[in-house]
Amino acid sequence: MSTADTQTGIRRTPGLVPVAETMRTTERHPPEEISAPVPPARRTWAFWRLLGSELGLTFRRPRNLALLAVLALVPIVLGIGLWIAAGSGGDDEMSGLIQDVAGNSLMLTFLSFSFLVLLLMPVVVSVVAGDSIAGEAGTGTLRYLLAAPAGRTRLLAVKYLNAVVFAYAATAVVALSALLTGLILFPGGSVTLLSGTTVSMADGLLRILVTVGYVGAGMAALAAVAVALSTFTEVSIGAIAGTMVFIIVCQVLRAIPDLAPIAPYLLPTWFTNFDAVLRSPIDTAALRDGLLAFGAYIMLFGSIAWARFSGKDITS
Amino acid sequence: MTAITLEAGAPFGAAPPSGDAIVTHGLTKRFRGGQIAVDALDLAVPRGSVFGFLGPNGSGKTTTIRMLLGLVAPTAGTYSVLGLSAAHALPLVGALVEGPAFYPYLSGAANLMRFDAADPTAERATAKRRVADALERVGLSAAAGKRYRNYSLGMRQRLAIAAALLGPRELLILDEPTNGLDPQGTREVRTLVKEIAADGTTVFVSSHLLAEIEQMCTHAAIMRTGRLVAQGTIASLSSGRVALVKVETPDVADAARTLGTLGLADVRPGNGAVTAELGGHAPEKINAALVGDGVAVRGLAVVRPSLEDVFVGLTGEGFDVDG
Ligand SMILES: Nc1ncnc2c1ncn2[C@@H]1O[C@H](COP(=O)(O)OP(=O)(O)OP(=O)(O)O)[C@@H](O)[C@H]1O
Ligand SMILES: [Mg+2]
């Protein structure tokens with residue numbers, strides 16, 4: 001302990017090495033040692049540590065949990081509604097849809113996805129992804145993260161990976177909720193596909209897994225758009241609303257028959273392609289095309305986000 | 001114009017193996033819209049100094065600090081922090097920029113853990129201990145588990161200082177660290193800064209509180225509308241503005257004549273007193289000369305200018321924000 005410490009009389013907890021001591025230790029190192037690059041192993045660990053911190057923030061935040069809860073609720077409501085409709089029975093005009101779902105517990109999952117993938121899941125994902133950079137800029141924490149220094153590329157990668165994990169979590173929540181609801185309300189057993197062939201329950205579950213993988217990838221592509229928009233503003237609502245506008249404009253354009261040629265370039269066009277798993281055999285070409293489109297969106301908007309964020313003046 | 005890349009391992013234009021913790025050469029920032037916030041700044045902050053960075057509102061202090069931290073890219077000029085590249089320097093720099101900014105829904109300790117996680121050189125194993133130490137140093141241990149949302153202004157400011165002390169630091173950059181602190185808090189920050197400086201850490205502190213800077217700093221620089229108007233040790237800054245000799249006497253005219261004969265510059269007869277620039281003259285000789293000429297000397301004082309006088313002299317009396 002130097003005399004300075006005793007004079008200023010700072011309180012010290014016994015057994016702990018105070019910060020001041022660490023400082024002096026650092027000073028004793030020759031400058032070369034300080035400037036020596038951090039070993040790659042440590043850097044890798046540091047990346048996962050930051051991602052862990054990011055995931056902790058995301059999955060502990062009440063707002064995000066509420067969004068996931070809403071997603072979980074939809075299949076339950078949908079299942080109960082169909083159960084009541086099927087139970088009222090006697091209706092010869094009962095649509096094929098209700099018959100399909102009422103006939104097998106797994107079908108509710110596919111039905112839920114085809115509802116949610118159009119708007120609600122994109123909303124939920126864009127809230128988290130649109131908030132990623134803009135939210136930190138808005139609260140001013142971005143400047144402290146970058147001064148830490150988190151590194152711009154590293155922070156952007158962590159933010160995007162976090163959004164991807166959340167996108168998959170949202171997809172999994174829908175699948176699990178729909179699966180449980182379906183298993184409780186409707187009979188199990190073999191699954192009749194759109195093509196009329198029946199597959200075993202295990203095969204059906206496998207197809208749900210493929211669906212989760214595919215829909216999650218679609219949401220990850222949407223997250224890339226939202227993260228890119230997020231680098232352009234300090235107001236998260238702006239990035240979130242921008243993503244919503246993007247989705248809605250795409251849906252509108254898709255609905256115009258004359259614009260059919262541009263449909264393949266619109267992201268939401270590919271979201272519903274997961275119904276390829278309901279063919280026998282699985283229409284892998286449709287899934288592949290969709291995944292390629294998602295990949296293209298991730299590359300494009302990832303590059304835009306990086307180009308913007310790596311050169312941006314942080315004045316918030 | 002030299003472009004500075006913000007990413008890791010960027011070659012810094014000015015990175016001589018000098019003894020300076022911060023060096024800038026012609027550092028300039030012109031914001032979009034044409035506003036020149038920092039204009040050809042040549043700063044040299046010696047290692048181990050406590051360096052006061054002074055200037056009126058809008059003079060470019062925060063913008064300079066943002067450039068040093070790699071948050072804002074300079075329009076022109078170069079800078080070097082600790083003589084290292086940004087990626088290597090920043091982990092050794094603790095910073096407080098334009099007030100605290102934290103996650104309102106996290107506790108103070110959780111907030112510090114978050115920023116520690118962002119530093120790639122920080123060890124996770126020691127994080128808890130370092131966070132506790134940093135909180136203790138700023139007197140926040142008792143409020144460590146409280147949500148940031150419920151912190152008072154001063155507690156927030158303290159937490160921001162704690163964040164700057166998370167790791168082993170070679171340089172602390174503190175932008176108005178005493179903002180919002182009560183008198184005790186202000187004193188504690190002053191003590192803390194002195195303590196940190198005693199450990200050999202360079203402290204670069206911007207402030208409006210001139211008395212504060214005068215008590216705390218060894219060096220200072222003064223900014224005005226983005227330009228550096230003075231820098232050096234506190235003593236040299238004050239000596240740059242001449243000391244005055246003030247003679248209290250009923251014989252104002254006689255005294256003024258004597259001072260003029262002695263060769264003192266800027267002799268100003270006033271009401272019951274005469275002032276003049278002391279220059280290289282010895283006060284006792286002046287007194288002897290006055291008495292020799294039969295001037296009734298009631299009092300003779302050497303008035304050394306305070307940093308505030310220096311500051312106002314260099315940045316103007318006006319209250320309005322420039323530019
Ligand atoms: N993002 C920005 N865009 C345009 N002009 C800016 C921006 N940020 C700062 N400025 C301008 O740059 C100048 C310097 O601002 P800066 O914040 O560096 O001043 P400061 O010395 O820190 O002032 P204060 O003492 O009030 O904190 C001001 O005129 C300000 O209006
Ligand atoms: Mg400022």
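Residues numbered from 1 in each chain as written. Chains lettered and ligands numbered in written order. Predicted model: local features only at pLDDT ≥ 70, side-chain atom pairs only at ≥ 80, totals over all residues. Heavy atoms only, no water.

Under the annotation held in an unreviewed UniProt entry, chain B carries the name ABC transporter ATP-binding protein and is attributed to Nonomuraea turkmeniaca. Taken verbatim from the UniProt record of chain B, the Sequence similarities (unreviewed entry) comment is "Belongs to the ABC transporter superfamily." (UniProt positions renumbered as here; feature names shortened; annotations may be inferred.)

An unreviewed UniProt entry annotates chain A as ABC transporter permease of Nonomuraea turkmeniaca.

Draft legend 1. Structural detail: the overall build of chain A. Broken down by element type, chain A carries 13 helices and two strands. Evaluated residue by residue, chain A yields a buried proportion of 48% over its 316 residues. For chain A, restricting intrachain contacts to residue pairs at least 6 apart in sequence, the fraction spanning at least 24 positions comes to 77%. For chain A, the exposed area adds up to about 14,200 Å²; of that, 70% sits on carbon and sulfur atoms. (Helix = DSSP H or I, 4+ residues; strand = E, 2+ residues; numbered from the N terminus. Buried < 20%, exposed > 50% of the residue type's maximum accessible area, 1.4 Å probe, protein only. Contact = heavy atoms within 4.5 Å. Areas by Shrake-Rupley, 256 points an atom, 1.4 Å probe, with all protein chains shown as cover.)

Draft legend 2. Representation of helix 6 (residues 183–198) of chain B. Residues and elements named next belong to chain B. In this model helix 6 runs 22 Å from its N-terminal to its C-terminal C-alpha over 16 residues, within 8% of the 22 Å that 1.5 Å per residue would give. Regarding helix 6, the residues found buried are Gly-185, Thr-186, Val-189, Arg-190, Leu-192, Val-193, Glu-195, Ile-196 and Ala-197. Gly-200 lies just past helix 6 and shows a positive phi near 95°. (Expected span 1.5 Å × (residues − 1).)

Draft legend 3. Structural detail: the packing of helix 5 (residues 62–88) of chain A against helix 8 (residues 120–139) of chain A. Residues and elements named next belong to chain A. Close contact between helix 5 and helix 8 brings their axes to 10 Å; oriented N to C, the two are set at 170°. Here helix 5 is positioned roughly antiparallel relative to helix 8, judged by the angle of their axes. Residues Arg-63, Asn-64, Leu-67, Val-70, Leu-71 and Val-74 of helix 5 touch helix 8, and the partners they reach there are Leu-120, Met-121, Val-124, Val-127, Val-128 and Asp-131. When grouped by side-chain class, the residues that make up the contact of helix 5 with helix 8 number nine nonpolar, one polar and two charged. (Axes fitted to C-alpha atoms, helices over the stretch in contact; angles between N-to-C directions. Parallel < 35°, antiparallel > 145°, perpendicular 65-115°, else oblique. Nonpolar A, V, L, I, M, F, W, Y, C, P; charged D, E, K, R; others polar.)

Draft legend 4. Here's a closer look at the UniProt feature "transmembrane region" (unreviewed entry) in chain A. Residue and element names in this part refer to chain A. Under the local residue numbering, the UniProt record ascribes the feature "transmembrane region" (unreviewed entry) to residues 65–86, 106–129, 160–186, 206–229, 236–256 and 290–309. Spanning residues 206–229, this segment combines 100% helix with 0% strand, and its end C-alpha atoms are found 35 Å apart. With 100% helix and 0% strand, the stretch residues 290–309 has end C-alpha atoms that lie 28 Å from each other.

Draft legend 5. Structural context of the domain arrangement of chain B. Residues and elements named next belong to chain B. The domain architecture assigned to chain B consists of domain 1 (12–238) and domain 2 (241–307). One C-alpha centre belongs to domain 1, the other to domain 2, and the line joining them spans 44 Å. Carbon and sulfur atoms supply 60% of the area buried between domain 1 and domain 2, which totals about 470 Å² over both sides. Among the residues of domain 1 in contact with domain 2, Leu-210, Glu-214 and Ser-238 are the three that bury the most area, contributing 70% of the side total. Here domain 1 and domain 2 share zero salt bridges between them. In this assembly, domain 1 and domain 2 are joined by zero residue pairs in polar contact (both at pLDDT 80 or more). Only helix 7 (210–216) and helix 8 (234–240) provide two or more residues apiece to the side of domain 1 that touches domain 2. Grouping the constituent residues of the side of domain 1 that touches domain 2 by class yields five nonpolar, one polar and one charged. (Domains from an automatic or database assignment. Buried area = accessible area lost by both parts, 1.4 Å probe. Salt bridge = Lys/Arg side-chain N within 4 Å of Asp/Glu carboxyl O. Polar contact = N/O pair within 3.5 Å; in protein donor to acceptor, adjacent residues only side chain to side chain.)

Draft legend 6. Up close: the packing of aromatic side chains. In total, this model carries 16 aromatic pairs over all chains according to the counting rule given. Relative to A:Phe294, the ring of A:Phe271 has its centre 6.1 Å away and its plane inclined at 45°; by these criteria the two rings are tilted. Note that A:Phe271 is positioned in the loop between helix 12 (236–255) and helix 13 (284–310) and A:Phe294 in helix 13, a separation of 23 residues in sequence. Just as A:Phe271 is buried, A:Phe294 falls in that class too. Here the aromatic rings of B:Phe53 and B:Phe204 are separated by 4.9 Å at their centres, their planes lie at 35°, and the arrangement is tilted. (Phe/Tyr/Trp six-rings, centres within 6.5 Å; stacked < 30°, edge-to-face > 60°.)

Draft legend 7. Summary view of the sheet that holds strand 8 (residues 202–206) of chain B. All names here are of chain B. In spatial order, the strands read 6-7-8-4-9-10; together these six strands make up an open sheet with mixed pairing. For this open sheet the edge positions go to strand 6 (93–96) and strand 10 (227–233), each flanked by a neighbour on one side alone. Here the average twist between neighbouring strands, direction ignored, is 10°. In terms of strand pairing, strand 4 (residues 50–54) meets strand 9 (residues 219–224) through four bridges, oriented parallel. Across the sheet, Phe-53 pairs through a bridge with Ala-221, a residue of strand 9. Packed onto the sheet, helix 5 (residues 153–164) meets strand 6 and strand 7 (171–175) and runs at close to 165° relative to strand 6. The strands touched by helix 6 are strand 4, strand 7 and strand 8; relative to strand 8, the strand with the most contacts, the crossing angle is about 150°. (Pairing = 2+ DSSP bridges.)

Draft legend 8. Molecular detail of the packing of helix 11 (residues 201–230) of chain A against helix 12 of chain A. Residues and elements named next belong to chain A. Two numbers describe how helix 11 lies on helix 12: the axes approach to 8 Å, and their chain directions differ by 135°. Classified by the angle between their axes, helix 11 and helix 12 sit oblique to one another. Of the two elements, helix 11 crosses helix 12, and the hand of that crossing is right-handed. In contact with Leu-222, Val-225, Ala-226, Leu-229 and Ser-230 of helix 11, helix 12 contributes Ala-239, Gly-242, Thr-243, Phe-246 and Ile-247. Here the residues of the contact of helix 11 with helix 12 are counted per class, giving seven nonpolar, three polar and no charged. (Left-handed = near helix turned anticlockwise from the far one by under 90°.)

Draft legend 9. A look at the sheet that holds strand 14 (residues 299–303) of chain B. Residues and elements named next belong to chain B. Strand order in the open sheet formed by four strands is 12-13-11-14, with antiparallel pairing between adjacent strands. If you trace the sheet from one side to the other, it starts and ends with strand 12 (268–269) and strand 14, each paired once. Alignment of strand 12 against strand 13 (residues 273–277), held across two bridges, turns out to be antiparallel. Pairing of Pro-269 across the sheet is with Val-274, part of strand 13. Most of the contacts of helix 9 (residues 252–262) go to strand 13, to which it runs at about 15°, and overall it touches strand 11 (244–248), strand 12 and strand 13. The strands touched by helix 10 (residues 283–292) within the sheet are strand 11 and strand 14, with strand 14 carrying the most contacts at an inclination of about 150°.

Draft legend 10. The nonpolar core, seen in detail. In this structure, A:Leu267, B:Leu69, B:Leu112, B:Leu171, B:Ile173, B:Val203 and B:Phe204 are the most contacted members of the largest nonpolar core, which totals 170 residues. The element that contributes the greatest number of residues to this core is helix 11 of chain A, accounting for 15 residues. Apart from the residues lying within four places of it in its own chain, the contact partners of B:Ile173 are B:Ile22, B:Ile65, B:Leu68, B:Leu69, B:Val93, B:Gly94, B:Ala95, B:Leu96 and B:Phe204. B:Leu264, B:Val274, B:Ala276 and B:Ile286 belong to the second-largest nonpolar core, a separate cluster that totals 14 residues. (Core = buried A, V, L, I, M, F, W, Y, C linked by side-chain atoms within 4.5 Å.)

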